[in-house]
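Coordinate inspection notes
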Amino acid sequence: KIMKTYIHLRMYSHPTYNPAKNQHEHSYYVGHEPGGLSPRLGLLAIDPTITTFLQLREHIEETEGDGGRIRKRTLFFQEFLFFMERCSNPYGYGKEDLKNYRIGVLRVGDVAETKNGGDGEAVPNAKDIKLIREDVETEPIFEVVGDVLGTDFVLIPSCQLHPETGRLFDADEEEKK
């Protein structure tokens, strides 16, 4: 029996540094510069008990067109490619690395911080994103992350990861801030 579940997609890049204000901007788009955690931008129906992360990538990137005779990029993925081209490259990755991405999960249901001091909708924090290891992308999503209810899937350009640690947030960098 196939169990379809809807999952939400987001994007993330490190917030753009604004030297005029001596601070990082934290909104998704600041003027023309993207940065931070996006709102929910996409919705996909999957069966997490059998869908692997590699298959999830296929669902994110491609769709059938012309009655199933051709495969084409999804509108969401076209937007994400544009996002990857425009986001900051804080670690100076080469041009060939700027079109790669990783998938992270954000448990929105577990977020403690909420708007209005505890009333209302949960406010996700990018520091709660957990990167999916590349060596488990062939396993079913459910086996890697468990229940996907209340979990958003975040696409992160590879140029946002620390080149030595492979992490999104480096502990040493956090101490300096």
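For the structure itself, consult the block above.
Just so you know, these numbers come straight off a predicted model, no measurement behind them. (Residues numbered from 1 in each chain as written. Predicted model: local features only at pLDDT ≥ 70, side-chain atom pairs only at ≥ 80, totals over all residues. Heavy atoms only, no water.)

1. As for the overall build of the protein
- Broken down by element type, the protein carries four helices and twelve strands.
- Counting only residues that meet the buried cut, the protein has 40% of its 177 residues in that class.
- For the protein, restricting intrachain contacts to residue pairs at least 6 apart in sequence, the fraction spanning at least 24 positions comes to 70%.
- In the structure as shown, the protein presents an accessible area of about 10,600 Å², 49% of it carried by carbon and sulfur atoms. (Helix = DSSP H or I, 4+ residues; strand = E, 2+ residues; numbered from the N terminus. Buried < 20%, exposed > 50% of the residue type's maximum accessible area, 1.4 Å probe, protein only. Contact = heavy atoms within 4.5 Å. Areas by Shrake-Rupley, 256 points an atom, 1.4 Å probe, with all protein chains shown as cover.)

2. As for the pattern of salt bridges
- Per the stated rule, a full pass over the model turns up seven salt bridges.
- Of the charged contacts, one joins R57 and E137 as a salt bridge, the two residues approaching to 2.9 Å between their closest N and O atoms. Remark: E137 occurs in the loop between β11 (130-131) and α3 (141-145) and R57 occurs in helix α1 (residues 53-61); sequence separation between them is 80 residues.
- Classification of E137 by relative accessible area gives buried; the value is 5%.
- Here D135 makes a salt bridge to R133, at a shortest N to O gap of 2.9 Å. We note that D135, like R133, is exposed.
- Via salt bridges that share partners, R10, R40 and D152 belong to a single interconnected network. (Salt bridge = Lys/Arg side-chain N within 4 Å of Asp/Glu carboxyl O.)

3. Thoughts on the side chain of R10
- Note on placement: R10 falls in strand β1 (residues 5-13).
- Its relative accessible area of 7% is what places R10 among the buried residues.
- In terms of polar contacts, R10 uses its side chain to reach the backbone carbonyl oxygen of S38, at 2.8 Å.
- Ignoring sequence-local partners within four residues, the contact set of R10 consists of L37, S38, P39, R40, L106, V108, P124, D152, F153, V154 and L155. (Polar contact = N/O pair within 3.5 Å; in protein donor to acceptor, adjacent residues only side chain to side chain.)

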